Amino acid sequence: MIPIAAVLALLAVSSTTTTTTMAQTTATTLSADYPPMDKRATPNALWSAQFVSEAARAANPALALPVSPVPLTGTDWTKDIRECTGVNDWSLTFDDGPSPYTPTLLNELRTRSIKATFFVVGSRVIQFPDTLKRINAEGHEIAIHTWSHAHLATLTNEEIVAEILFTARAIKEVVGVTPRFVRPPFGETDDRVRAVITALGFQSIMWNRDTLDGSGNTQVAALARGWVQAMSNGTTPRVGVISLEHDLYEAAVAQAPSVMTIVAADARVFKTVAECTGLAAYDETVWAGGTNGGSSNSRTAPVSVPSPPAGVKNAAMQIGGFAFEIVAAVLTVASTAVMSLF
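Residues numbered from 1 in each chain as written. Predicted model: local features only at pLDDT ≥ 70, side-chain atom pairs only at ≥ 80, totals over all residues. Heavy atoms only, no water.

Quick look at the overall build of the protein now. On a plain count of helices and strands, the protein comes out with 13 helices and 10 strands. Across the 342 residues that make up the protein, the buried fraction comes to 48%. Summarising the internal contacts of the protein: among those between residues at least 6 apart in sequence, 80% fall at separations of at least 24. Roughly 15400 Å² of accessible area belongs to the protein as shown, and the carbon and sulfur atoms make up 61% of that amount. (Helix = DSSP H or I, 4+ residues; strand = E, 2+ residues; numbered from the N terminus. Buried < 20%, exposed > 50% of the residue type's maximum accessible area, 1.4 Å probe, protein only. Contact = heavy atoms within 4.5 Å. Areas by Shrake-Rupley, 256 points an atom, 1.4 Å probe, with all protein chains shown as cover.)

We now examine the pairing of strand β1 (residues 89-95). Across the 7 residues of β1, 7 count as buried, placing the element largely inside the fold. Burial of the side chains of β1 extends over both faces: D89, S91, T93 and D95 are buried on one face and W90, L92 and F94 on the other. Both β1 and strand β8 (residues 269-270) contribute to a ladder of 2 bridges, which runs parallel. The residue bridging W90 from the neighbouring strand is F270, located in β8. Bridge analysis of β1 against strand β7 (residues 241-246) gives 6 bridges, and the strand direction is parallel. Of the residues in β7, the one forming a bridge with W90 is V241. Sheet analysis places β1 next to strand β2 (residues 117-120), joined by 3 bridges and oriented parallel. Bridge assignment links D95 to a residue of β2, and that residue is F119. In this fold, the crossover linking β1 to β2 by way of helix α4 (residues 102-112) has right-handed handedness. (Pairing = 2+ DSSP bridges. Right-handed = clockwise from strand over helix to strand, strands pointing away.)

Right, let's talk about the state of the cysteines for a bit. In protein structure, a disulfide is the covalent linkage between the sulfur atoms of two cysteines. By the definition in use, this model includes 1 disulfide. The disulfide bridge from C84 ends at C276, spanning 2.3 Å between sulfur atoms. When the S-S torsion is -70°, as for the bridge of C84 with C276, the disulfide is left-handed. Of the two residues, C84 sits in the loop between α3 (54-59) and β1 while C276 sits in helix α11 (residues 273-277), which places them 192 residues apart along the sequence. On the accessibility criterion, C84 (2% relative accessible area) is buried. (Disulfide = S-S within 2.5 Å.)

Throughout the structure, instances matching the rule amount to 7 aromatic pairs. Consider the rings of W90 and W227, whose centres lie 6.3 Å apart with planes at 35°: the pair is tilted. In this pair, W90 is assigned in strand β1 and W227 in helix α9 (residues 220-232), connecting sequence segments 137 residues apart. An identical accessibility class is assigned to W90 and W227; each is buried. (Phe/Tyr/Trp six-rings, centres within 6.5 Å; stacked < 30°, edge-to-face > 60°.)

This is the structure we're talking about:
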């Protein structure tokens, strides 16, 4: 005869095991085959063959340019989009999220009825999917800021493709859209990086006003006020602005409202990057081939989204099933033991 205390203890252990196993299975369903958090993305052979093959290099010499051995110390953005087309337009862009502080920023934007563009890091999309869902649900724009925030000029073509497409895929899985805009981390780009981004059918977006909040600037308001005054008094030409801020840091998010207030007082119109450039924000053809955003950059071969390795999901399913089998067996034994007490 099994003591009733032992039966109850056994049931408690088995119940905990089942709950933990199922929670882990659920938590890893989305991220089973993604690169490790904040680690350089490993190239995907299918994507590499589609976009940066030897044939692609032959057709586009820029893809064959050498990899930079060190991060670039300076970049030329004359070939990139870095301002809005309308001189009264202002696009607020936030990099490096989602983060625990993004909801606070979203609250402020909602209060002011402002729509912004968020250049998100793939690792953090996986970490904070509900925040990304809120960004999308509240009408903000989502764009790509790579998987691990790497210096793209130091990566191979294949690694750049993986950094961008794993991020695009994470966004697609979470909110159902594929962003067209890519912002290279640190603004670091060259002709080869541009060529890879273009081969994917995406568009680089830079900025023309940097709050420096990501570098620890605590005087963002003063900096923004200086920009507005200089453009108002003719010291610098009045241009459409794409400003850079960050939602990764609590201190940066805390300073964002002051920028909104200063910009609004200058009779600026807040727009997303797509609205202020006239370009499409999203493009689903990266996964299926076809024409990108109405341009002539077409693809003849489809690109498949790779599924998690069979062993990963199957193992999770097997573990979950095995846990249920164990519990069923335990319940049977426990039931028999309890009945024998009466």
